[in-house]
There are 2 protein chains.
Amino acid sequence: MAGGTSCPQLVAAVSEAGGLGFLAAGYKTADGMYNEIKQLRGLTGRPFGVNLFMPQPALADPSAVEVYQHQLAGEAAWYETPLGDPDSGGDDNYDAKLAILLEDPVPAVSFTFGCPTRDTLDAFAGVGTYTVVTVTTPEEAQVAQWAGADAVCVQGVEAGGHQSTHRDDPQTDGAGIGLLSLVSQVRETVQIPIVATGGLMRGSQIAAVLAAGAEAAQLGTAFLVCPESGASLLHKQALTNPLFVRTALTRAFSGRPARGLVNRFMREHGPYAPAAYPQVHYLTAGLRKAAAKAGDAQGMALWAGQGHRMARELPAGRLVRLLAEELDAARTAVSTGSTQ
Amino acid sequence: MAGGTSCPQLVAAVSEAGGLGFLAAGYKTADGMYNEIKQLRGLTGRPFGVNLFMPQPALADPSAVEVYQHQLAGEAAWYETPLGDPDSGGDDNYDAKLAILLEDPVPAVSFTFGCPTRDTLDAFAGVGTYTVVTVTTPEEAQVAQWAGADAVCVQGVEAGGHQSTHRDDPQTDGAGIGLLSLVSQVRETVQIPIVATGGLMRGSQIAAVLAAGAEAAQLGTAFLVCPESGASLLHKQALTNPLFVRTALTRAFSGRPARGLVNRFMREHGPYAPAAYPQVHYLTAGLRKAAAKAGDAQGMALWAGQGHRMARELPAGRLVRLLAEELDAARTAVSTGSTQ
C-alpha cells in the first residue's frame, strides 16, 4: 500500500503480531520516509520492510495530459480546487531513498512498477537487506530472478490499488491474470520464493496460495480497515458499503491502472483517462483531497481489492493472529481429504 | 465447454478415469444433444453431466447488430463468406432439451448464462438429476441457492470461453472477479457445495480451491489439447504458441464477453463489438469456420483460460490421473507446514 495508508502504527502492529509489516515509501520525500522508519523503529524491534516505487520513464505523449487537464476542468470548479502540477516529478525520489536504505539498512525492501538493476539488488544483498520485486506476469518474474531479487511478490488482477506492471502498456489493459493462475505460472518459471498477493482476506485463502506453490502471502485491503491504518474514515466505510459493490481498474486518478471501488469520478473520467503516470496522480491529488474533505466518497480514489466486502474491522495484531488460526485450520482440513 | 469441443469421446475418457465429464449441449439441436448422449452411454457406464445454455432475453438494441454487420463487411469479403443470420434463435432449444433430459435423465445437468426456475430445478431433482448453476458473483450464487440448485459452479474471471454472468450488462464489463477471491465470497454467502472453475491447470491449484472452501474443481482449457477433444488442431496448437501469449475478454465473436487468445479479429473488432448474444455468434459463425478452413488462427475464436500456456497434451484419462496425483501431493505438502 502506498501513501499514508501503510503507516508506522499499522506496520508496527503487524510486525509485533508475527507478520512482516511493510512501510509505504511511495509519494514521500526521502526524509519523510526516513522519519517514518525511525518512528517505526521506536514502535517495534521486530523485522519490517519498506516498499519503493520505481522511477517512471518519460511520457510518450505529454499532450494527452493537457487534454485530460481540460477534461477535468469541471471537477476543479466543482471542488473549488485548482488542478495540481502534473510535472511534480516522475522518479519518486528513488535515488535518495536508495541512498538512505543502503546507509541505514532495513530488514526487507520491496519494489513496485519495475525491477531494480542488478547493481541495486546486489548492494542491498551486501547490506543484508532481503529484496522483493513485485510482478504481474511470468516474464516479469523471470527478469526479477535474473536481476538477483531474493523473492517475487506475485500480484494477481484482484489486487487493490495499482497494478505493478513493469511497463505500462495500454495494449495490455484487460490482460491482468488471476492470482491462482499467475502463482502457478510463476512457480513453473522461477526458482526464488513467491509472495502471493491480490484479493486475499482470509487464512483459508493463504492456505490456498501456499498449496499452489507460494511461500508467503501479502494482504493489503484486509488491513485497510484496521484502526491503525492511515486510510480515511470515508475510505474505510466505503469498503463494506453496499453502495460500492463493484471494483474496477482505472487510470482516472493516477494515469496507471489501479483497482478501486467504482464511483462517480471513475465512471465519468475512466473511459478517456490517459496513460500518464504519475502526471495524472499529481493532477488529481488536490481534487481527491478536496473530495475527502467535503465527505464526498464519489470523488475520491477508493482503492480496494476484489475481496473488500470481506474486510473485518479488527486491530491489526488481532487480525494477524486470526489469519494464522484460519490458515492452520484450512491446512488441516485440506489434508484430511484424499482422491485415492 | 460449448460446441463440439467437449464431445462424447472426451467426456467418456474423463468419466472413465474417475472425473465427471460434461457434455456440451450449447449451440446444438435437441436431437443432436440426445444423439451425443446415446453415443456417450455407449462409451461409458460411469456418471457424466450435460451443460445447457439458458435462453437469452430479447435484444435491447437490434440496430447495434446491424451496425456491427456493416463493420464486418471487410471480413466477409476477405474470407469470401457471407455473414450469418443473426436471428437464428436466442433460446438454444432450451425447452426441447429440458424435455429430453427429464424424459431420459442423466446423472448431472449444469446451466450457463442464468439460473433455471425453481420448477425446472425441482423437476430435475424429481428424476434424480444433480443440478449445478454456474455463477460469477456472490449474488448469482444466492439466487441459485434460492432456486434450489444442488451446487454452484463458481467461475472466476480467468476462465476461457464465455463468462457465465446471468445478465449481460456492459456496465459491469471489467468487474470480473478472480477465482480465489470469488470462491471465498461465495463460500460465505451460500451453504450448497461449490465447484470452482477458471484457469485451473494443475492438481496443486485444485488443492488450492479446496483449501479456500470449494468441494470440487472444473477444468476446461486443460482438456482442450487432449487428443479426444473436439477442438481444431489450429486451436490446440495456438494455446501454447508464443505468438498468442495474452488472453482477453471480448464481445467480438459472440456479443457476450468471452476469454480467448488475443488475435487480429479480437484486436480489430473487440473495441466496438456490441452486447448482442447470440446474434453476433450467428453473424460470425461462418467467418470463423472459413478462417479455420483457411488455416488462419488470426480470424478464429481461440477460446482459452488464463492458464493456457500450462496445457499438457496428454490423453484425457492420463491427465485426470496426473491431476489427482498432483492434488494429493499438494495436500500433503500444505499440511506439513504450520504457523505456530
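Everything numeric in this text was worked out from a predicted model, so none of it was measured.

Analysis parameters
- Numbering of residues starts from 1 in every chain and runs along the sequence as written.
- Key to labels: chains lettered from A, ligands numbered from 1, both in the order written.
- Per-residue local features are limited, in this predicted model, to residues with pLDDT of at least 70; the limit for side-chain atom pairs, both in listing and counting, is 80 or more; totals at the level of whole chains, interfaces and linings are taken over all residues.
- Remark: hydrogens and water are excluded; side-chain values derive from all non-hydrogen atoms of the structure.
- A run of H or I in DSSP becomes a helix once it reaches four residues, and a run of E becomes a strand once it reaches two; helices and strands are each numbered from the N terminus.
- Note on method: radius of gyration uses C-alpha positions; expected globular size equals 2.2 Å times residues raised to 0.38.
- Partly exposed residues are those whose accessible area sits between 20% and 50% of the maximum for their type, while under 20% is buried and over 50% is exposed, using a 1.4 Å probe and protein chains only.
- Should any heavy atoms of two residues lie within 4.5 Å, those residues are considered in contact.
- A 1.4 Å probe and the Shrake-Rupley method give the accessible areas. Residues count as covered only by the protein chains that appear here.
- In this tally Asp and Glu are treated as negative and Lys and Arg as positive; neither His nor the chain ends contributes.
- One atom stands in for each charge, and that atom is NZ of Lys, CZ of Arg, CG of Asp or CD of Glu.
- Expected span of a helix, by definition, is 1.5 Å for each gap between consecutive residues, and there is one gap fewer than residues.
- Pairing between strands requires that DSSP locate at least two bridges from one strand to the other.
- Classification remark: right-handed applies to a crossover when, strands pointing away from the viewer, the course from the first strand over the helix to the second runs clockwise.
- Under this definition, polar contacts are N or O atom pairs within 3.5 Å; protein pairs additionally need one hydrogen-donor-capable and one acceptor-capable atom, and for neighbouring residues in sequence, both atoms have to be side-chain atoms.
- To obtain an axis, a line is fitted to C-alpha atoms, over the contacting stretch when the element is a helix, and the angle between two such axes runs from 0 to 180 degrees between their N-to-C directions.
- Two parts placed together each lose some accessible area under a 1.4 Å probe, and the buried area is that loss summed for both.
- Counted as salt bridges are all cases of a side-chain nitrogen of Lys or Arg within 4 Å of a carboxyl oxygen of Asp or Glu.
- Residue ranges assigned to the domains are those given by an automatic or database domain assignment.
- Here the copies were fitted onto each other by least squares, based on C-alpha atoms from residues at pLDDT of at least 70 in both.

Caption draft 1: Quick peek at the overall build of chain A. Within chain A one finds 14 helices and ten strands. Its C-alpha atoms give chain A a radius of gyration of 19 Å, near enough to 20 Å, the size a compact globule of 340 residues would have. The principal-axis extents of the C-alpha atoms in chain A amount to approximately 65 × 45 × 40 Å. Looking at chain A as a whole, 57% of its 340 residues qualify as buried. Once local pairs closer than 6 in sequence are excluded, the contacts in chain A between residues at least 24 apart make up 67%. Carbon and sulfur atoms provide 54% of the accessible area of chain A, an area that totals close to 13,100 Å². With 24 positive and 32 negative side-chain charges, chain A shows a separation of 7 Å between the mean positions of the two kinds.

Caption draft 2: Expanded view of helix α14 (residues 316-336) of chain A. Spanning 21 residues, α14 of chain A covers 31 Å between terminal C-alpha atoms, matching the ideal 30 Å at 1.5 Å per step. Those residues of α14 of chain A lying buried are Ala 316, Gly 317, Leu 319, Val 320, Leu 323, Leu 327, Asp 328, Ala 330, Arg 331 and Val 334 of chain A. Considering only its buried residues, α14 of chain A is in contact with α1 (8-16), α9 (203-211) and α10 (221-224) of chain A together with α9 (203-211) and α14 (316-336) of chain B.

Caption draft 3: Layout of the pairing of strand β4 (residues 130-135) of chain A. All names here are of chain A. The buried fraction of β4 is high, at five of six residues. For strand β3 (residues 108-112) and β4, the ladder comprises four bridges, and the chain directions are parallel. Within the sheet, the bridge partner assigned to Ser 110 lies in β4 and is Val 132. Traced from β3 through helix α6 (residues 118-126) to β4, the parallel crossover comes out right-handed. Relative to strand β5 (residues 151-155), β4 runs parallel, the two sharing four bridges.

Caption draft 4: Quick look at the environment of Ser 184 of chain B. Residues and elements named next belong to chain B. With respect to the helices and strands, the residue Ser 184 is situated in helix α8 (residues 179-187). Put simply, Ser 184 and Val 65 are 119 residues apart on the chain and 38 Å apart in space, counted from C-alpha to C-alpha. Among the polar contacts made by the side chain of Ser 184, one reaches the main-chain carbonyl oxygen of Leu 180 at a distance of 3.4 Å.

Caption draft 5: Region of interest: the sheet that holds β5 of chain A. Residues and elements named next belong to chain A. Strand order in the open sheet made by the seven strands is β1-β2-β3-β4-β5-β7-β8, with parallel pairing throughout. The sheet is open, and its two edges are formed by β1 (22-24) and β8 (216-218), each paired on a single side. Strand-to-strand, the axes of this sheet are offset by a mean angle of 30°, without reference to chain direction. Strand direction decides the pairing type here: strand β2 (residues 49-53) and β3, joined by five bridges, are parallel. Looking at β3, one finds that Gly 49 is bridged to Ala 108. Here helix α5 (residues 94-103) sits on the sheet and contacts β2 and β3; the angle it forms with β2, its principal contact strand, is near 160°.

Caption draft 6: Region of the structure containing the interface of chain A and chain B. On the side of chain B, 47 residues touch chain A, which itself brings 47 residues to the contact. In this assembly, chain A packs against chain B so that about 3,600 Å² is buried in total across both faces, 52% of it on carbon and sulfur atoms. At the boundary of chain A and chain B, one finds four salt bridges. A salt bridge links Glu 188 of chain A to Arg 202 of chain B, with the nearest nitrogen and oxygen atoms 2.7 Å apart. The interface formed by chain A and chain B includes 18 residue pairs in polar contact (both at pLDDT 80 or more). When contributions to the side of chain A that touches chain B are tallied by element, the ones reaching two or more residues are α7 (138-147), α8 (179-187), α9, β9 (247-250) and α14 of chain A.

Caption draft 7: How the structure looks around the domain arrangement of chain A. Residue and element names in this part refer to chain A. Domains assigned within chain A are domain 1 (8-56 + 91-225 + 311-336) and domain 2 (61-89 + 245-301). Domain 1 and domain 2 are separated by 26 Å when their C-alpha centres are compared. Every contact between the two is made by 18 residues of domain 1 and, on the other side, 13 residues of domain 2. For the domain 1 and domain 2 pair, buried surface summed over both sides reaches about 1,300 Å², with 47% attributable to carbon and sulfur atoms. Considering only the surface of domain 1 that becomes buried against domain 2, Tyr 27, His 162 and Asp 168 emerge as the three largest contributors, covering 37% of it. The interface formed by domain 1 and domain 2 holds two salt bridges in total. The partner of Asp 168 in a salt bridge is Arg 251, and the shortest N-O contact between them spans 2.8 Å.

Caption draft 8: Layout of the pairing of strand β10 (residues 258-261) of chain A. All names here are of chain A. Of the strand pairs in this sheet, strand β6 (residues 161-162) and β10 are connected by two bridges, and their pairing is antiparallel. When the bridges of β10 are listed, Gly 161 appears paired with Arg 259. Here β9 pairs with β10 via four bridges, running antiparallel. Bridge pairing in β10 links Thr 250 to Ala 258.

Caption draft 9: Fine view of the relation of the copies chain A and chain B. Between chain A and chain B, which share one sequence, the superposing operator has a rotation angle of 180° and an axial displacement of 0.0 Å; the RMSD is 0.0 Å. Viewed as a symmetry operation, the transformation between the two copies matches a two-fold axis. Distance from the rotation axis, computed per C-alpha, reaches its smallest value in chain A at Ala 208 of chain A: 1.9 Å. When the interface residues of chain A are mapped onto chain B, 100% of them again lie at the interface, so the same face is used by both copies.

Caption draft 10: How the structure looks around unusual backbone geometry. In this chain, Tyr 277 of chain A is followed by Pro 278 of chain A through a cis amide linkage whose omega measures 0°. For Glu 80 of chain B, which is not a glycine, the phi torsion comes out positive at approximately 50°. The residue Glu 80 of chain B is located in the loop between α4 (73-78) and α5 (94-103) in this model. One non-glycine residue, Asp 92 of chain B, adopts positive backbone phi at about 50°. Its location among the elements puts Asp 92 of chain B in the loop between α4 and α5.

Caption draft 11: Inspection of the pattern of salt bridges at higher detail. A full pass over the atoms with the stated rule returns 24 salt bridges over all chains. For Lys 28 of chain B, the salt bridge identified is with Glu 36 of chain B, shortest N-O distance 2.9 Å. Classification of Lys 28 of chain B by relative accessible area gives buried; the value is 13%. The residue Asp 173 of chain B makes a salt bridge to Arg 251 of chain B at a minimum N-O spacing of 2.9 Å. With Asp 173 of chain B in the loop between β6 (161-162) and α8 and Arg 251 of chain B in the loop between β9 (247-250) and β10 (258-261), this pair connects stretches of sequence that are 78 residues apart. Since its relative accessible area comes to 37%, Asp 173 of chain B is described here as partly exposed. A relative accessible area of 7% places Arg 251 of chain B in the buried class. Taken together, the shared-partner salt bridges connect Glu 75, Arg 264 and Glu 268 of chain A into one network.

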